[in-house]
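Chains, contacts and geometry: an overview
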Amino acid sequence: MARVKLDDVSKSYEDVVAVKNMNLDLQDGEFITLVGPSGCGKSTTLETVAGLTKPTSGTIHIGDREVTNLPPKDRGIAMVFQNIALFPHMDVYDNISFGLRLRDFPKEEIDERVENAADIVELGGMLDRMPDELSGGQRQRVAIARSIVRNPDVFLMDEPLANLDAKLRVNMRTELQRLHKQLETTIIYVTHNQAEAMTMSDRIAVINGGELQQIAPPLTCYNEPANRFVAGFIGSPSMNFVPATVGDGELQANGYSLSYDTAAVEELTSREEVEIGVRPEDIYLVQNESEADKPSAPVEVVTDVLEPMGDEIFVYLKPIGSGEEDGMGSVEEREGLLMSVDPATDITEDQTVEIVFDRARIHLFDRGTGDAITHGVIEGAKMDTGSSEGEAQADD
Amino acid sequence: MSIDAQDHDDAETLDDQDEESKNRVQAWAADWIRNPQKAYTVMGVFLGGVLLTTTLFPLYWLFAVAMAPPGQTNIPLIPTRIDLYAFVDIFQQVPFARFMFNSLFYATTVTVVVILVASLAGYAFGRLDFRGKLPLLFSLLVLSWFPPATLFLPLFRAFNQQVKMLGLFTLPTEIYGTPGAVIAPLSAFTMPLAVFILMTFYAQIPDGLEDAARVEGSSRIGALFRVIMPLSAPGVATAGILTFITVYTEFFFSFLMTGDKASEWAPIVNGVLAFQSRYTVRYDLQAAASLVAIVPVAILVVLAQDKIVSGLTQGALKE
Ligand SMILES: Nc1ncnc2c1ncn2[C@@H]1O[C@H](COP(=O)(O)OP(=O)(O)OP(=O)(O)O)[C@@H](O)[C@H]1O
Ligand SMILES: [Mg+2]
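First, a word on scope: everything that follows refers to the structure included in this document. All values derive from a computational prediction rather than experimental measurement.

Turning our attention to the site of ligand 1. Residues and elements named next belong to chain A. The immediate surroundings of ligand 1 are formed by 13 residues, with Ser38, Lys42, Ser43, Thr44 and Gln82 found nearest. Between ligand 1 and Ser38 there is a distance of 2.5 Å, counted from an oxygen atom to a side-chain nitrogen or oxygen. Here Cys40 contributes a backbone N or O atom positioned 3.2 Å from an oxygen atom of ligand 1. For ligand 1, the protein covers 63% of the area, taking 630 Å² as the surface of the free molecule. For the shell around ligand 1, the element with the highest residue contribution is helix 1 (residues 42-50), accounting for three residues. Class assignment of the residues belonging to the shell around ligand 1 gives a composition of four nonpolar, seven polar and two charged.

Here's what the structure looks like:
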């Protein structure tokens with residue numbers, strides 16, 4: 001149980017900057033998830049908190065102590081490594097109890113705690129196996145058990161559930177959440193799994209290229225992404241982006257046009273080039289228009305590929321007249337859209353359909369900087385102008 | 001290409017011949033040509049036999065000498081009598097056990113010192129990045145090229161408090177004639193090889209394991225001894241055995257830096273030589289003593305071989 005604070009932490013290796021001016025402020029007992037593309041610096045951030053790598057600049061606090069220069073053993077942390085890192089010359093029991101034995105716990109207490117941890121990760125009866133006699137998922141669970149026996153102040157978990165099957169994954173997810181509730185330990189968690197990030201975390205920190213993009217509660221990241229990167233990264237399938245030019249009360253985007261309330265987004269008139277972002281579930285067939293909060297005027301498109309997923313159908317849409325030349329260059333070059341519809345919908349490939357966008361859930365991004373301009377192009381929409389930075393900082 | 005043809009030819013010729021005219025050698029040859037595997041087996045056994053004989057014969061010869069009665073110089077190849085009394089006598093005539101203890105003491109102490117220090121050095125060279133690493137490693141290598149004998153005189157005088165170390169101070173006590181006079185220089189001479197061996201092994205232990213140990217609560221040095229060293233067991237055993245044998249069989253320093261008596265920390269060489277007085281030489285006892293002296297090394301090698309397990313890092317990390 002401790003607050004964790006990173007101030008302007010940077011880490012560069014000879015040729016790459018792995019982490020750039022990272023500011024994070026975790027409340028006591030908070031569950032934070034770091035997400036971002038591979039190589040964006042998530043593991044490096046964890047390592048700096050763990051004390052395994054020294055930041056090039058910046059300071060780190062855990063609790064009230066500055067720990068920037070303390071060795072890992074004095075930081076009160078436990079870590080599950082991305083590469084698991086079990087000690088191959090020790091059996092499961094010795095692996096799990098390694099830290100306790102180092103701290104000279106009495107034998108009975110060690111036994112009790114190891115037993116307990118092994119139960120949580122469903123490893124009972126395997127305590128005398130060697131790591132090379134375990135499956136990948138079992139090893140991963142040993143690693144989790146090793147980190148939870150010590151009741152540390154801060155958990156650092158680098159993709160701890162990556163090797164588990166879907167069922168065990170969900171089990172372990174709830175198990176970890178229960179553990180978090182019970183121990184009230186601060187957890188920094190890295191995952192590539194959207195569902196884990198959305199369901200487990202108090203806040204999600206989205207990182208790209210070593211830079212923090214946004215740190216906010218999951219739904220805020222989803223509904224009010226701070227910039228185009230966050231918008232595209234959070235959510236699966238990912239958001240549609242369409243470049244557009246700003247007209248008077250109207251956004252012009254390869255063939256589609258979209259009206260907006262000038263009063264709501266006054267600031268737009270000063271810009272010319274924007275990017276429209278709309279999630280697949282915020283596009284509706286015109287007959288379902290009523291489901292949309294603030295439907296736009298209908299747009300005609302042609303369906304392309306259909307992907308039935310069971311609980312919904314993903315429909316790829318292309319602008320009408322694809323493959324033909326027109327004044328704006330080859331239509332093919334323009335991006336299509338992805339829409340998700342109810343599985344009962346009667347729809348076929350290469351069908352001309354009319355769609356509407358939910359104007360309340362349309363995001364506009366600056367095409368140059370990628371920063372969000374507004375979420376929703378209607379009256380009373382959430383404006384992100386200028387305040388987006390401030391909001392992210394305030395959360396810090 | 002033509003081997004098949006030859007095979008065939010030979011086979012035919014042999015087939016053509018009468019059973020009687022086939023002498024034994026020809027039959028063998030034919031058999032071996034048809035089954036080359038047999039020939040290889042025989043050759044392998046033969047070569048192995050030669051190797052074994054050349055290595056084991058000296059030992060057998062020592063045994064034969066030990067069996068001969070005192071004073072007999074004409075040693076028969078096969079002992080005329082088996083009399084193991086020489087093996088008992090060596091411990092009664094001189095304090096041979098003490099001589100052996102001295103040598104074992106040198107070997108053990110040096111091995112422990114070398115493994116400890118070389119582990120730290122091997123860790124630094126193998127797993128850390130620091131400025132001047134390469135020059136330092138190179139100078140260690142250069143150091144190991146010095147013939148130890150060239151250092152004998154300066155060390156002899158320093159240990160006798162006759163010269164100032166680095167021109168600054170003389171040693172506080174006379175080290176000559178104490179175990180330190182053997183242990184210090186021999187540790188230094190065996191160190192470079194041990195450092196190189198351990199460095200190579202320690203460098204191969206994945207960083208993740210050390211990280212895990214450190215997060216779990218051990219220091220870097222703790223991780224070295226709890227995780228890195230056990231996982232490098234083959235390397236540690238190799239370096240240890242090499243050092244042990246080098247020191248145990250070392251002659252120059254251990255002979256010259258100590259007195260001649262067992263109580264003066266004389267090594268096993270003095271023990272063997274003690275059966276030689278001004279007028280008589282007990283070759284039988286010297287031979288017996290030499291055989292006994294080999295025993296600890298033999299035991300050590302057999303034991304350590306058992307300890308060497310490779311592939312220990314399997315299952316440690318996710319590939
Ligand atoms: N020891 C190192 N030396 C040099 N570069 C490194 C080192 N460790 C990491 N990097 C670089 O730093 C960047 C961030 O790496 P990091 O391991 O933090 O990524 P990550 O976000 O954890 O990725 P993944 O999701 O694939 O685990 C990468 O470009 C990587 O190549
Ligand atoms: Mg990583």
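Let's pick the thread back up.
Approximately 770 Å³ is the volume found for the largest pocket. Only strand 1 (4-12) and helix 1 of chain A together with helix 9 (207-215) of chain B provide two or more residues apiece to the lining of the largest pocket. A total of five residues in the lining of the largest pocket trace back to one element, the largest contributor, which is helix 9 of chain B. A per-class count over the lining of the largest pocket returns eight nonpolar, nine polar and 13 charged.

All names here are of chain B. On the surface, Val112, Val113, Leu116, Val117, Leu120, Ile221 and Phe225 cluster together into a nonpolar patch covering about 540 Å² of accessible area. Those elements giving two or more residues to the nonpolar patch turn out to be helix 5 (96-127) and helix 10 (220-231). In terms of residue count, helix 5 provides more of the nonpolar patch than any other element does, five residues in total. With respect to the helices and strands, the residue Leu116 is situated in helix 5.

For Trp32(B), the location among the structural elements is in helix 2 (residues 24-34). Along the backbone, Trp32(B) and Pro267(B) are 235 residues apart, and their C-alpha atoms lie at a distance of 54 Å.

This paragraph deals with the coordination of the magnesium ion (ligand 2). Residue and element names in this part refer to chain A. Bound to the magnesium ion (ligand 2) are the protein donor atoms Ser43 (OG) and Gln82 (OE1), situated 1.9 to 2.2 Å from the metal. Of this pair, Ser43 sits in helix 1 while Gln82 is found in the loop between strand 6 (77-80) and helix 2 (92-102), placing the two residues 39 residues apart along the sequence. What makes Gln82 partly exposed here is its relative accessible area of 33%.

Summed over the entire model, instances satisfying the criterion amount to 23 salt bridges over all chains. For the salt bridge of Arg367(A) with Glu273(A), the shortest nitrogen-to-oxygen distance reads 3.4 Å. Of this pair, Arg367(A) sits in the loop between strand 22 (363-366) and strand 23 (372-375) while Glu273(A) is found in strand 14 (residues 273-278), placing the two residues 94 residues apart along the sequence. A residue is classified by how much of its surface remains accessible, and Arg367(A), at 33% relative accessible area, is partly exposed. The class of Glu273(A) is partly exposed, set by a relative accessible area of 40%. What emerges from the salt-bridge pattern is a single network uniting Arg127(B), Asp207(B), Glu210(B) and Arg220(B).

Time to look at the nonpolar core. Considering soluble globular proteins, one finds that nonpolar side chains tend to be buried as a cluster. Counting residues in hydrophobic clusters, the biggest one holds 102 residues, and the most contacted among them are Leu34(A), Leu156(A) and Phe96(B). Inspection of this core shows a minimum of three residues originating in each of domain 1 (2-83) and domain 2 (90-318) of chain B. When near neighbours in sequence (up to four residues on either side) are disregarded, Leu156(A) contacts Leu46(A), Val49(A), Ala50(A), Ile77(A), Ala78(A), Met79(A), Val80(A) and Ile188(A).

Residue and element names in this part refer to chain A. With antiparallel pairing, the four strands of this open sheet are ordered in space as 2-1-4-5. Each of the sheet's edge strands pairs with one partner strand only, and the pair in question is strand 2 (17-26) and strand 5 (65-66). Across five bridges, the pairing between strand 1 and strand 4 (residues 57-62) is antiparallel. Bridging across to strand 4, Asp7 finds its partner in Thr59.

Conventions and cut-offs
Residues numbered from 1 in each chain as written. Chains lettered and ligands numbered in written order. Predicted model: local features only at pLDDT ≥ 70, side-chain atom pairs only at ≥ 80, totals over all residues. Heavy atoms only, no water. Near = heavy atom within 4 Å. Polar contact = N/O pair within 3.5 Å; in protein donor to acceptor, adjacent residues only side chain to side chain. Areas by Shrake-Rupley, 256 points an atom, 1.4 Å probe, with all protein chains shown as cover. Helix = DSSP H or I, 4+ residues; strand = E, 2+ residues; numbered from the N terminus. Nonpolar A, V, L, I, M, F, W, Y, C, P; charged D, E, K, R; others polar. 1 Å grid on protein atoms, 1.4 Å probe; cavity = no way out; pocket = protein on both sides within 12 Å on 5 of 7 lines; lining within 4 Å. Points joined across faces, edges and corners; volume = space filled by probe spheres on them. Patch = residues over 30% accessible without salt bridge, like charges linked within 9 Å, V, L, I, M, F, W, Y side chains within 5 Å. Salt bridge = Lys/Arg side-chain N within 4 Å of Asp/Glu carboxyl O. Donors = N, O, S within 2.8 Å, 3.2 Å for Na, K, Ca; no water. Buried < 20%, exposed > 50% of the residue type's maximum accessible area, 1.4 Å probe, protein only. Core = buried A, V, L, I, M, F, W, Y, C linked by side-chain atoms within 4.5 Å. Domains from an automatic or database assignment. Contact = heavy atoms within 4.5 Å. Pairing = 2+ DSSP bridges.

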